[in-house]
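Listed below, chain by chain, are the residues.
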Amino acid sequence: MKISKFLIVSLCFIAFAFANSAHAYDATFSLGNLCEYVGKIQTDELGSKNLCSANPYLAASLDYSFTSELLISPEIGFTIPKSGRDETINEMSITFLLNTKYKFSAFHLIGGAGLFFTRLSVGGGSEVLNNGASTTTFPLPEGTIYSRNLIINLGLGADFLQDYSADIHTYIFNLFTKEERAFSIAINGTYHFGEF
Amino acid sequence: MKITFIFYLIFCFNFSAMAFTLNNSEAITFAQDEVSVNVARGNCSHIGMNESEILRIVADAVDQYWNRVPTSRLKLRAGSVLDLSTTDYSNGSICLSGTACEPNPDLAVSNGVLITCNHLAANFSSSGVLAVTVPNNISGKTIIGSLIMINDQSANPFVSKSRDEKIAIIAHELGHSFGLGHSKVTDSLMYYSTVKMRTSLGYDDFRGITYLYPKEQPITCGTIQDQSLGPNNLLLNWLGLLIGLFIMIFLNYQLRYLKLRPRF
């Protein structure tokens, strides 16, 4: 525990030092698709697993540069709320990330961490479904819940032209718990508004 | 408050079935994040398995299905074989009456989930029914205990199922035990019937368990870690620290930018 406290204090000092050496920032806007929990969900009765489905994802970030190669990039993003197969259920995902970017040539490596919120909103009601040899009316819940996960983000980006780049992000859930571990992949095109 | 339970009679003869549903109108849940699944000793005569084998099926069912949801805090654990000979789980009635089941208080499960074999025909609406499940010990909106009865009549359909099918059947019943109802899509584990190949949870199952038991991973920046909680919680602390650092950097930079404090 002493080592942890030492590291925490050290990182706090480093953070302040970085903050004061940061000298420029770039605002970005990204549009892409978020493929959630790849390979984790069954999609038909033959046992097929999910890969990627349409799930539009919007994000905005500010890139602070410490050196010409190293940037820190807080980012907020969300998926467009969707109902999917049932209109009574509305789902969206929201991300708050702190990324670092290391630039080399026309590429940049991305590493970071943050929070991933899953919002589920259900409108109540009921459904008559098969149940044994007959049918039964099953209730649906009514209300909204948020699930909150801490995630690690690893990714790679490439610059195109002066103001555009393409990024691929891998959001890792529950890295150290084998059975709960999951991956979501965001593929984005990004517009850079430039240095302020 | 009186909560009406629906009597679960699953997996009938005909194969034909968008949202997840609940098994009651009050969205009742277990209060704790970790729930043990135990097996009653000495009640199984016709399903071709003993209690230890059922427990191994339970372990595979929770690992392959419910414990794999990254957005759910509920963790089911295979418990132990319990000697409960003072209660007639092998021949007792799971409900006192009717289709809207009023749980039999004599069979109330004191904690977690209990699986038992049962050969009372009245519990199973037809010989094709594999198992029935009822949360039968409730306090307010909290499930204290749930009971799963496997059809152990001499002509039961459970005995002829493959091991993978038995794992899926037990996983389905566990879904009922912690609050879920049926789904109308075939790719969901909570579909009322078996499908050709069941390998993992479907979208409805994911959403259902997430809705009832949403994960709430904390921001733990600056807190003291209880080392007995294991490495995953240590990771959460460090991720929390990173977020805290982000906030500090952002505020520091903005304050300097706005000339609200001198630069170091």
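Residues numbered from 1 in each chain as written. Chains lettered and ligands numbered in written order. Predicted model: local features only at pLDDT ≥ 70, side-chain atom pairs only at ≥ 80, totals over all residues.

Student: With reference to specific residues and values, describe the overall build of chain A.
Tutor: A count of helical and extended segments in chain A gives one helix and ten strands. Out of the 196 residues in chain A, the part that is buried amounts to 35%. In chain A, 49% of the contacts between residues at least 6 apart in sequence involve partners at least 24 apart. (Helix = DSSP H or I, 4+ residues; strand = E, 2+ residues; numbered from the N terminus. Buried ≥ 20, exposed ≤ 12 C-beta atoms within 10 Å, placed from the backbone. Contact = placed C-beta atoms within 7 Å.)

Student: Can you tell me about the overall build of chain B, naming the residues and giving the values?
Tutor: On a plain count of helices and strands, chain B comes out with four helices and eight strands. Counted from the first residue to the last, chain B has its helices and strands arranged as β-β-β-α-β-β-β-β-β-α-α-α. A buried classification covers 50% of the 264 residues belonging to chain B.

Student: Help me get a handle on unusual backbone geometry, residues and values and all.
Tutor: Even without glycine at this site, Leu161 of chain A takes up a positive phi of about 55°. Tracing the backbone shows Leu161 of chain A in the loop between strand E8 (142-160) and strand E9 (164-173). Despite not being glycine, Ala27 of chain B has its phi angle at roughly 50°, a positive value. Here Ala27 of chain B is to be found in the loop between strand E1 (5-6) and strand E2 (29-30).

Student: Would you mind going over the environment of Ala59 of chain A in detail, with residue names and values included?
Tutor: Within the secondary structure, Ala59 of chain A is located in strand E2 (residues 56-65). In this structure the C-alpha to C-alpha distance between Ala59 of chain A and Phe107 of chain A, which are 48 residues apart in sequence, comes to 19 Å.

Student: Describe helix H3 (residues 203-212) of chain B, naming the residues involved and giving the relevant values.
Tutor: Residue pairs three or four apart in sequence face the same way in an α-helix, which turns once every 3.6 residues. Counting buried residues along H3 of chain B, ten of its ten residues qualify, which places the element largely inside the surrounding structure. Taken as a whole, H3 of chain B has its buried residues at Tyr203, Asp204, Asp205, Phe206, Arg207, Gly208, Ile209, Thr210, Tyr211 and Leu212 of chain B. For H3 of chain B, the elements touching its buried residues are strand E4 (89-104), strand E5 (107-123) and E8 of chain A together with E2 and helix H2 (163-177) of chain B.

Student: Report on the confidence of the model for chain B, specifying residues and quantitative values.
Tutor: Overall, the prediction assigns chain B a mean pLDDT of 81, with 75% of residues at 70 or greater. Interface confidence in the predicted complex, given as ipTM, is 0.87; pTM for the same model is 0.82. (pLDDT = per-residue confidence, 0-100.)

Student: An account of H2 of chain B is needed here, citing residue identities and associated values.
Tutor: Residue and element names in this part refer to chain B. Its 15 residues give H2 an end-to-end C-alpha distance of 21 Å, which sits within 8% of 21 Å, the value for a rise of 1.5 Å per residue. Burial of H2 is extensive: twelve of the 15 residues sit out of reach of the surface. Taken from the residues just after H2, Gly179 is the one with a positive phi, measuring 125°. (Expected span 1.5 Å × (residues − 1).)

Student: Account for the confidence of the model for chain A, with residues named and values stated.
Tutor: For chain A, per-residue confidence averages 87 on the pLDDT scale, and 87% of positions sit at 70 or higher. Confidence, expressed as mean pLDDT per element, reaches its minimum in chain A at helix H1 (residues 2-21) of chain A with 54 and its maximum at E9 of chain A with 96.

Student: Explain the pairing of E8 of chain A to me, and be specific about the residues and the numbers.
Tutor: Residues and elements named next belong to chain A. Across 17 bridges, E5 lies against E8 in antiparallel orientation. Bridging across to E8, Thr118 finds its partner in Ser147. As paired strands, E8 and E9 are joined by ten bridges and run antiparallel to one another. Residue Leu156 lies in a different strand from E9, and its bridge partner there is Ile168. (Pairing = 2+ DSSP bridges.)

Student: Help me get a handle on the pairing of E9 of chain A, residues and values and all.
Tutor: All names here are of chain A. Connecting the antiparallel pair E8 and E9 is a turn made up of three residues, with Leu161 showing a positive phi of about 55°. In this sheet, strand E10 (residues 182-195) lies alongside E9 in antiparallel orientation, the contact comprising ten bridges. Its bridge partner being in E10, Phe173 is matched across the sheet by Ala182.

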